[in-house]
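Below are the chains, spelled out letter by letter.
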Amino acid sequence: MFYQGSPLSVPSTRSAEFTQISDRIVEVLRRRVGKDERAAKPHDWYTAAVYTLRDAVIDRWMDSTRRTYETKGKRVYYLSLEFLIGRLLRDALSNMGMTRAMEQALADHGFDLATLEELEPDAALGNGGLGRLAACFMESLASLDIPAYGYGIRYVNGMFRQRIDDGWQVELPETWLAHGNPWEFERRESAYRIGFGGDIVMQGDRAQWNPGEQVEAVAVDTPVVGWRGKRVNTLRLWTANAIDPIKLDAFNAGDHFAALEDDLRASSLVRVLYPADSSPAGQELRLRQEYFFTSASIQDILRRHVQFHDDVRTLPDQAAIQLNDTHPAVAVAELMRLLTDVHGLDFDEAWDVTRRTIAYTNHTLLPEALESWPLPLFERLLPRHMQIIYAINSRVLREAGKAGMDGAAIAAISLIDEGGERRVRMANLAFAGAHSVNGVAALHTDLMKSTVFADLHKLYPTRINNKTNGVTPRRWLQQCNPGLTAILKDAIGDTFLGDAAELSALNALAGDAALGERVAEVKRANKVALAAHLKDLTGIRLDPDALFDVQVKRIHEYKRQLLNLIETVALYDQIRSHPERNWVPRVKIFGGKAASSYHNAKLIIKLAGDIARRINSDPSVGGLLKVVFVPNYNVSLAERIIPAADLSEQISTAGMEASGTGNMKFALNGALTIGTLDGANIEIKDRVGDDNIVIFGLTAEEVAEQRANGYNPRAVIEGSRELQQAVSAIASGVFSPDDPHRYAGLMGGLYDHDWFMVAADFDSYHAAQREVDRRWQDQPGWRTSAIRNIANVGWFSSDRTIGEYAREIWGVLK
Ligand SMILES: *Cc1c(COP(=O)(O)O)cnc(C)c1O
């Protein structure tokens, strides 16, 4: 048996388990890594440690699979173009209860587990929140003992690595697979052909699609370990091979490139993740990627079902397919195609099976992020799917007609956008083909009903439901913040790790000064550690006694890093004008990637750097204010930054952030939130209470109202002295003397349209920041608020979220 529970609860005595692991590592190092102990380098020991752990994981993995077969359990299939996993070693060790034993075993050979962990590259197969949600869900599915597969793409390069050159973002390929990946298993027996293009011939009343080109999808599996090793599920990522990797005749004739063309075309499919999470990539390659992984996954699901249950008509009893946003929405047409063309069901029967199997999660209402494809492109690449979509559409429109809907409603419901260039609407396809359509926070779900899906909601009024997002407390509390975890265990026991709702026991201790001090000590230690790391990364020295004020997330205008930066400039101005006041020392930490084609987002990164340089080198602020932009924000950085944050910036324009999950991670680690009434912030406020969060700004309703009634940002800016001074300082080049007009356009945009209501919310935000200062000056009060946050956000565990999906959508839990 291995140790159960976290390393912190295990006495530090050496044990038989440790000796066994210590011997195993040496054995593995020799036999599988091919190195002698004396010659082995740190990365060899890292690999040996993973293989040793993996052996233990594999036993549970096979056991889990066998259990599902024996009980004929219904499986959940989570289809996602993104899985933002981060590192796996610490997660798997901890969930297997092996952390302490591994630590001791490595120490025995003169290695430090924490140092070796740093050698593991982040699996960055996602952009941000949506991909990280998929990763948290995989962990919770295993922890709740639900049989599940995650399906996605094994990107060779994934999300780009961000370098900051002279303040500008530069995108570099992430080479996470360069030294192999000890976690994965290629499954050559699970390979499928994926077609594109070609034509359709009718055989009787059955259509047969003859694709013009094909690639082979091959499964690569990674085990996902649940809490306490209860279950190990599979993350199945698809890689692409050419059917005919080399045309020898062409090669021998000297045309080497043409000979390898198919191979190149196949590998380009799985090369990179589109680095845009909320703008349509628009490229054919993106549509090819979506169909590639969706088709492979649906073929795999049907193959497994038929193998064990024979009849495709019982699919909904054995399989629940969840679409993470519209990227896999073509699943609706693909499942219909396979059920009708291959398995011979008639259209009605296939439609019934499809809709009872598929469910869809919507992640955004931003119009530019609602996927649609030009009809000619879709038809050329997927001609058979286009026919099926027309057939589905005529059925849906018939139902709308029967329900007495008018022309405008019918046009809004249609799967084809007929306005201007005809396009296929993926959200409408997903909505029509699913029995459940969920939003990811209460406000977002309400807005789905009243805005983008208003007409579809009228036609199918029971389909939309809410599943507020969550995060796994194992990664986002226990593993990233072992110091805090130890204190919480002392205070309330360790059941909160398996059931985060148990954190509420802390409420009884919220005013306990001794606990407050211990929590503050851990926070300070985390800040010292982060400061040291940021000193290495950026050269900037930070005072761990200052308030660490953090905004880390994708850079996007709706997330309003600009509001924070302008407020930083206003604060800087005030500190210089009134140095005698009792200012709270602050460190402003920013981090995040901008989509490579998103000009303003990249300019905002540059602005953060320009503001940082000026403020950090100004002796007149006397160290009261420091600004730092952390390059290459990713999961591993988040795990360092979040436990060290005092203040969590969640300041999106109300109505635009579907949920947010960063907000949950910060609160769970005892940061107070400054935020708008947007996404899950609202539900966080309801749980932690008004005294333990700082809310400001327009509500979603007020934003809509102002936009409708002719919002005049120029008047607002001219009416606010602080705002006007800050905006004109930035616009006139105070922070960019090398290029004084650099921000003239960005600031001009605020005067002219300010779609994201930065000006409208500025005064309220500025006042809220001074409220934060006041609360900080009462340290005992701040500590109580921090504990109240930890105590009351257990509900935002992804275990709770997955429990709701399981019971209310998938029908897999009682
Ligand atoms: C949680 C997380 C996100 C999502 O953050 P939001 O603030 O909700 O946008 C993005 N990136 C990483 C690396 C994360 O861990």
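Note that this is a predicted model, so its numbers are computed, not measured.

Draft legend 1. Region of interest: the overall build of the chain. Of the regular secondary structure elements, the chain holds 34 helices and 24 strands. Its C-alpha atoms give the chain a radius of gyration of 27 Å, within 12% of the compact-globule value 28 Å for 814 residues. The dimensions of the chain, computed from C-alpha atoms along their principal axes, are 90 × 70 × 65 Å. In the chain, 76% of the contacts between residues at least 6 apart in sequence involve partners at least 24 apart. Here the chain displays about 30,000 Å² of accessible surface, and carbon together with sulfur accounts for 51% of that area. Computed over 92 positive and 106 negative side-chain charges, the inter-centroid distance for the chain is 3 Å.

Draft legend 2. Looking closely at the environment of F496. Along the chain, F496 falls in the loop between α21 (482–492) and α22 (513–538). Note on F496: relative accessible area 1%, which makes it buried. Spatially, the C-alpha atom of F496 lies 9.9 Å from that of Q478, the residues being 18 residues apart in sequence. Apart from the residues lying within four places of it in its own chain, the contact partners of F496 are L477, T485, L488, K489, E502 and L503.

Draft legend 3. Expanded view of the packing of helix α13 (residues 347–357) against helix α15 (residues 383–402). The geometry of α13 relative to α15 is characterised by a closest axis approach of 12 Å and an angle of 85° between their N-to-C directions. Between α13 and α15, the crossing angle belongs to the class labelled roughly perpendicular. The residues of α15 that touch α13, namely those facing F347, D348 and W351, are A391, I392 and R395. A breakdown of the residues in the contact of α13 with α15 according to their chemical character gives 4 nonpolar, no polar and 2 charged.

Draft legend 4. Quick look at the packing of aromatic side chains. The final tally for this structure, using the stated rule, is 18 aromatic pairs. Taking 5.4 Å as the distance between ring centres and 70° as the angle between the ring planes, the aromatic pair formed by F137 and Y805 counts as edge-to-face. Of this pair, F137 sits in helix α6 (residues 129–143) while Y805 sits in helix α34 (residues 798–810); the two residues are 668 residues apart in sequence, bridging distant segments of the chain. When its relative accessible area of 0% is taken as the criterion, F137 is described as buried. Note on Y805: relative accessible area 0%, which makes it buried.

Draft legend 5. Inspection of the sheet that holds strand β14 (residues 372–374) at higher detail. Read from one edge to the other, the open sheet built from 3 strands follows the order β14-β16-β15, with strand pairing classed as antiparallel. Edge positions in the sheet fall to β14 and β15 (416–417), since each has one partner strand and no second. For β15 and strand β16 (residues 423–425), the ladder comprises 2 bridges, and the chain directions are antiparallel. Bridge pairing in β16 links I416 to V424.

Draft legend 6. Structural context of the UniProt feature "modified residue: N6-(pyridoxal phosphate)lysine" (unreviewed entry) in the chain. On the UniProt side, "modified residue: N6-(pyridoxal phosphate)lysine" (unreviewed entry) is annotated at positions that read K665 here. Examined against the element boundaries, K665 turns out to sit in helix α26 (residues 662–668).

Draft legend 7. Here's a closer look at the site of the ligand. Around the ligand, the structure places 14 residues, and the nearest of them are K553, K559, T661, G662 and K665. With respect to the ligand, the side chain of K559 contributes an N or O atom lying 2.7 Å from an oxygen atom. G662 is positioned such that a nitrogen or oxygen atom in its backbone is 3.0 Å from an oxygen atom of the ligand. The fraction of the free accessible surface of the ligand (390 Å²) that becomes covered by protein chains is 96%. Counting residues per element, the ones that place at least two in the shell around the ligand are α6, α25 (635–641) and α26. Taken together, the residues that form the shell around the ligand break down as 4 nonpolar, 6 polar and 4 charged.

Draft legend 8. Layout of the nonpolar core. Ranked by size, the top nonpolar core spans 263 residues in total, and within it L53, L79, F292, F378, I566 and W810 carry the most contacts. When residues of this core are assigned to their parent elements, the largest contribution, 11 residues, is made by helix α2 (residues 42–71). In this structure, L366, A369, M656 and F756 belong to the second largest nonpolar core, which totals 5 residues.

Draft legend 9. Highlighting the packing of helix α12 (residues 331–342) against α13. As a packed pair, α12 and α13 sit with axes 9 Å apart at the nearest point and diverge in direction by 135°. For the element pair α12 / α13, the angle class is oblique. Judged by the sense of rotation from one axis to the other, the crossing of α12 with α13 is right-handed. On α13, the residues that touch V332, L335, M336, L339 and T340 of α12 are F347, A350, W351, V353, T354 and T357. Split by residue class, the contact of α12 with α13 holds 8 nonpolar, 3 polar and no charged.

Draft legend 10. Structural detail: the pattern of salt bridges. For the coordinates displayed, the defined rule picks out 71 salt bridges. Here E117 ties to R90 by a salt bridge, and the two come within 3.4 Å at their closest N and O atoms. Of this pair, E117 sits in helix α5 (residues 113–117) while R90 sits in helix α3 (residues 89–95), and the two are 27 residues apart along the sequence. Judged by relative accessible area, R90 falls into the partly exposed class, the value being 30%. Linking R576 and D618 is a salt bridge whose minimum nitrogen-to-oxygen distance equals 3.8 Å. Here R576 is found in helix α23 (residues 561–577), whereas its partner D618 is found in the loop between α24 (599–616) and β21 (625–630), with 42 residues between them in sequence. By relative accessible area, R576 is classed as partly exposed at 36%. Assessed through its relative accessible area of 13%, D618 is described here as buried.

So, how was this worked out
Residue positions are counted from 1 within each chain, in the order its sequence is given. With the structure being a predicted model, the display of local features is reserved for residues of pLDDT at least 70 and the display and counting of side-chain atom pairs for 80 or more, all residues being used for whole-chain, interface and lining totals. Water and hydrogen atoms play no part in the side-chain values, which are based on all heavy atoms of the structure. Numbering of helices and strands runs from the N terminus; a helix is a DSSP stretch of H or I covering at least four residues, while a strand is a stretch of E covering at least two. For this measure, only C-alpha atoms enter the radius of gyration; the expected value for a globule follows 2.2 Å times N^0.38, where N is the number of residues. Residues count as neighbours in contact if any of their non-hydrogen atoms are within 4.5 Å of one another. Here, Shrake-Rupley sampling with a 1.4 Å probe gives the accessible areas, and only protein chains in the shown set may cover a residue. Only four residue types enter the tally: Lys and Arg on the positive side, Asp and Glu on the negative side; His and the chain ends are excluded. The atom standing in for a charge is NZ when the residue is Lys, CZ when it is Arg, CG when it is Asp and CD when it is Glu. Exposure categories follow from relative accessible area, calculated using a 1.4 Å probe and restricted to protein chains: below 20% of the type maximum is buried, above 50% is exposed, and the middle band is partly exposed. The axes used here are C-alpha line fits, helices contributing only the stretch in contact, and every angle between their N-to-C directions lies in the interval 0 to 180 degrees. Throughout this description, any angle smaller than 35 degrees is read as roughly parallel, any larger than 145 degrees as roughly antiparallel, any in the 65 to 115 degree range as roughly perpendicular, and the remainder as oblique. Lys, Arg, Asp and Glu make up the charged group, whereas Ala, Val, Leu, Ile, Met, Phe, Trp, Tyr, Cys and Pro make up the nonpolar group; the residues left over, Gly among them, are polar. By convention, a stacked pair of Phe, Tyr or Trp rings (six-membered ring in the case of Trp) has centres within 6.5 Å and planes under 30 degrees apart, an edge-to-face pair has planes over 60 apart, and any other such pair is tilted. Here, any two strands with at least 2 DSSP bridges between them count as paired. UniProt positions are given in the numbering used here, feature names are shortened, and annotations may be inferred rather than shown by experiment. The nearness test applies per residue and asks whether one of its heavy atoms lies within 4 Å of the molecule or strand. For this analysis, a polar contact is any N or O atom pair within 3.5 Å, provided that within protein one partner can donate a hydrogen and the other can accept it, and provided that sequence-adjacent residues contribute only side-chain to side-chain pairs. By nonpolar core we mean a set of buried residues, namely Ala, Val, Leu, Ile, Met, Phe, Trp, Tyr and Cys, connected to one another through side-chain atoms within 4.5 Å. By convention the crossing between two helices is left-handed if the near helix lies anticlockwise of the far one by an angle smaller than a right angle, and right-handed if it lies clockwise. What counts as a salt bridge is simple: a side-chain nitrogen of Lys or Arg found within 4 Å of a carboxyl oxygen of Asp or Glu.

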